[in-house]
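One-letter residues, chain by chain:
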Amino acid sequence: MGYVGRFAPSPSGALHFGSLVAAVASYLDARANKGLWLLRIEDLDPPRTVPGSVDNILSCLDTFGLLWDGTLMFQSQRQTAYQAALEQLQQQGIIYPCSCSRSQFQADPLYTCPCLNQPPSTNNAALRIALPHSKVFVDDVIIGPQTQHLADQVGDFVVQRKDKIFAYQLAVVVDDAEQKINHVIRGSDLYQQTPRQTWLQSCLGYKQPTYGHIPIIINGQGQKLSKQNLAAPLDMSHAPALLSEALERLGQTTPCTLRQAPVAEQLAWALTQWDITKVPKRMQDPIAFI
Ligand SMILES: [Zn+2]
């Protein structure tokens, strides 16, 4: 089967420069490998969805010439699939209810949830997954390999919250499997979450995609560009300059003559030149965008 990649923004606001870099990286890697590039809207948590942001994301991608294949997937419409995956895990006896509060975990970093051995009597419980006492190895085409001991370094994580919203970790692996995604190129804020996802994939009998994590883009204050810290929405009137800046951040420097060229021209050039080994590797060394 050929390359299938994806871009999966959450509609909690307008796209910012960090999301543009992730979109461009996953698009170019898919197209340079003659692959498909699918789009998924990660609206798992409906109250966090900002009205109008899906339209904004689609029109942004359109402006930058980042045209996706197939139909859009919305996580808000995927509850049945998540429930089926959860039941599959429950049948393996590795899911348990937990009534501990977030503040119990936050108050004490060494807090150990007792719920695995002493099941809570209340129904108001999240569902956690019991992790193995073993190491998980994941290679990464950009950053390189990592090994993580899930039980020690992560701890049993929530797969369904108390309010019945499915956790991102479960949804993302179920959706990647459904869309037959075999290459995931995304921001390195998710690098350390990848072993959790590959472990869930093995529990659910899914194939593991190839992963590549691009460096995080930071603002002038050293913070990750994100909607939470009010990263500026992309200014569409400067699309050519923003695209050439994004390519530069990905180690694919545009020739001076192309810097102000229309986005279609820049993308066509970038496709012929795309080299994932030139993407900066070090996640400890985020790239400033001011
Ligand atoms: Zn608990």
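So, how was this worked out
- Residues numbered from 1 in each chain as written.
- Predicted model: local features only at pLDDT ≥ 70, side-chain atom pairs only at ≥ 80, totals over all residues.
- Heavy atoms only, no water.
- Donors = N, O, S within 2.8 Å, 3.2 Å for Na, K, Ca; no water.
- Tetrahedral: all angles 85-135°; square planar, octahedral: opposite > 155°, others 65-115°.
- Buried < 20%, exposed > 50% of the residue type's maximum accessible area, 1.4 Å probe, protein only.
- Pairing = 2+ DSSP bridges.
- Helix = DSSP H or I, 4+ residues; strand = E, 2+ residues; numbered from the N terminus.
- Core = buried A, V, L, I, M, F, W, Y, C linked by side-chain atoms within 4.5 Å.
- Contact = heavy atoms within 4.5 Å.
- Axes fitted to C-alpha atoms, helices over the stretch in contact; angles between N-to-C directions.
- Parallel < 35°, antiparallel > 145°, perpendicular 65-115°, else oblique.
- Nonpolar A, V, L, I, M, F, W, Y, C, P; charged D, E, K, R; others polar.
- Right-handed = clockwise from strand over helix to strand, strands pointing away.

> If you had to explain the coordination of the zinc ion to someone new, which residues and values would you point to?
Within the protein, the atoms that donate to the zinc ion are C98 (SG), C100 (SG), C113 (SG) and C115 (SG), at distances of 2.2 to 2.4 Å. Viewed at the metal, the 4 donor atoms of the zinc ion are separated by angles of 104 to 117°, and the geometry they form is tetrahedral. Taking the relative accessible area as the measure of exposure, C98 reaches 1% and is therefore buried. On the basis of relative accessible area, C100 is assigned to the buried category, the value being 9%.

> Got a sec to walk through the sheet that holds strand 2 (residues 36-41)? Specific residues and values, please.
If you walk across this open sheet you meet the 3 strands as 1-2-3, and the pairing is parallel. This sheet does not close on itself; its edge strands, each paired only once, are strand 1 (4-7) and strand 3 (73-74). As paired strands, strand 1 and strand 2 are joined by 4 bridges and run parallel to one another. In the strand pairing of strand 2, G5 is matched with W37.

> Break down the nonpolar core for me, with residues and values.
Among the nonpolar cores identified, the biggest contains 43 residues, and L20, L61, F64, L66 and I214 are the most heavily contacted of them. Only helix 1 (17-32), strand 2, helix 2 (53-63), helix 8 (239-249) and helix 9 (263-273) provide two or more residues apiece to this core. With 10 residues, the top contributor of residues to this core is helix 1. For F64, the contacting residues outside a window of four places in its chain are L20, L234, M236, A239, L242, L243, V263 and L267. Core analysis: the next-biggest nonpolar cluster, separate from the first, contains 30 residues, L86, L89, I181 and Y211 among them.

> Outline the packing of helix 3 (residues 79-91) against helix 7 (residues 194-204), listing residues and values.
Look at helix 3 against helix 7: their axes get within 10 Å of each other, and the N-to-C directions meet at 75°. With respect to each other, helix 3 and helix 7 are oriented roughly perpendicular. Contacts between helix 3 and helix 7 involve A85, Q88 and L89 from the first element and L200, C203 and L204 from the second. In terms of residue class, the contact of helix 3 with helix 7 is built from 5 nonpolar, 1 polar and no charged.

> How would you summarise the environment of L72 if you had to cite specific residues and measurements?
As for its position among the elements, L72 is in the loop between helix 2 and strand 3. Along the chain, L72 and G144 lie 72 residues apart, while their C-alpha atoms are 31 Å from each other. In contact with L72, not counting residues within four places along its chain, are L39, I41 and L58.

> I'd love a proper account of the sheet that holds strand 8 (residues 158-160), names of residues and values included.
Spatially, 4-5-8 is the arrangement adopted by the 3 strands of the open sheet, whose pairing is antiparallel. Lying at the two open borders of the sheet, with one neighbouring strand each, are strand 4 (95-98) and strand 8. Strand-to-strand twist across the sheet, computed as the mean angle between neighbouring axes with direction ignored, equals 45°. Examined bridge by bridge, strand 5 (residues 126-129) and strand 8 share 2 bridges and lie antiparallel to one another. Following the sheet pairing, L127 is matched in strand 8 by Q160.

> How would you summarise the pairing of strand 9 (residues 183-187) if you had to cite specific residues and measurements?
Where burial is concerned, most of strand 9 is hidden: 4 out of the 5 residues are buried. One ladder, built from 5 bridges, connects strand 9 with strand 10 (residues 210-214); its direction is parallel. Along strand 10, the bridge assignment pairs V184 with Y211. Where the polypeptide runs from strand 9 across helix 7 and back to strand 10, its parallel neighbour, the crossover connection is right-handed.

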